[in-house]
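# Chain and residue survey
Residue-level listing of the chains:
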Amino acid sequence: MRRNIIFVLVFFITCLSGRVSPLYAAGERQSPVDVPGKGGSTVTQVSRSPLVFNYDPRGKPDPFRPFVDEELALRKRQELRLKSKPVSPLLRYPLNHYRLVGVAVDDVKRVAVVQDNEGKFYPLSIGMLIGSNRGRVVDIREDRVVVEESTGIRKRGKPTFKRVTIKLKKEEVEP
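The sections below set out a description of the structure shown in this document.

Cut-offs used in this document
Residues numbered from 1 in each chain as written. Predicted model: local features only at pLDDT ≥ 70, side-chain atom pairs only at ≥ 80, totals over all residues. Heavy atoms only, no water. Salt bridge = Lys/Arg side-chain N within 4 Å of Asp/Glu carboxyl O. Buried < 20%, exposed > 50% of the residue type's maximum accessible area, 1.4 Å probe, protein only. Helix = DSSP H or I, 4+ residues; strand = E, 2+ residues; numbered from the N terminus. Lys, Arg positive; Asp, Glu negative; His and termini not counted. Polar contact = N/O pair within 3.5 Å; in protein donor to acceptor, adjacent residues only side chain to side chain. Contact = heavy atoms within 4.5 Å. Core = buried A, V, L, I, M, F, W, Y, C linked by side-chain atoms within 4.5 Å.

## With respect to the pattern of salt bridges
The full count for this structure, using the stated rule, is 6 salt bridges. Of the charged contacts, one joins Arg-141 and Asp-139 as a salt bridge, the two residues approaching to 2.7 Å between their closest N and O atoms. Under the relative-accessibility criterion, Arg-141 is labelled partly exposed at 40%. Judged by relative accessible area, Asp-139 falls into the partly exposed class, the value being 21%. Residues Lys-162 and Glu-149 are paired through a salt bridge, measuring 4.0 Å at the closest nitrogen-oxygen approach. Taken together, the residues span a long stretch of sequence, with Lys-162 in strand β10 (residues 158–167) and Glu-149 in strand β9 (residues 144–155) at a distance of 13 residues. The exposure class assigned to Glu-149 is buried, which follows from its relative accessible area of 5%.

Right, dumping it as structure tokens:
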């Protein structure tokens, strides 16, 4: 192992000192030329000519262009989100299709029950998503549920929200 390290070090030192000349110097091509020397012998000299490099970019991708087009990727993500079915049945319809049926308030937890147009009931708690605009339940009170939806408008880089209230409609019982 030590012998190999010494060999590598000696090789690099010799290369750096210029004793070993590579066939190609940086940016130049060397070609051997026979020149007559003393005593009738021939000496091979190396002449240096500039290295010519031609690049044809036809049919090749631009190396400085990003691999992923950000606008195209964003558009595809939005299309996929619109095409994909919602995970929760509460995300199928807009907020005005839900009717608040009841609210259960405790010291620890608050739960509301909403009914959709098909007559199905769903429990709601704070933080759940509801509506096709993916509104988040912010507050549950005795007679209403407050949902915060994104408007899609940005002011100074921050998204803006609107609060929508779903009120409990008390049905009057006739005597």
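## Comments concerning the side chain of Asp-116
Relative to the elements of secondary structure, Asp-116 occurs in the loop between β5 (110–115) and β6 (121–124). Of the side chains bearing the opposite charge, Arg-92 lies closest to the buried Asp-116, which forms no salt bridge; the N-O distance is 5.7 Å. In terms of polar contacts, Asp-116 uses its side chain to reach the side chain of Tyr-122, at 3.5 Å. Discounting residues that sit within four places of it in the chain, Asp-116 has contacts with Tyr-93, His-97, Tyr-98 and Tyr-122.

## Focus on the nonpolar core
Leu-90, Val-114, Leu-124, Ile-130, Val-137, Val-145 and Val-147 are the most contacted members of the largest nonpolar core, which totals 14 residues. Those elements that provide at least two residues to this core are β5, β6, β8 (135–140) and β9.

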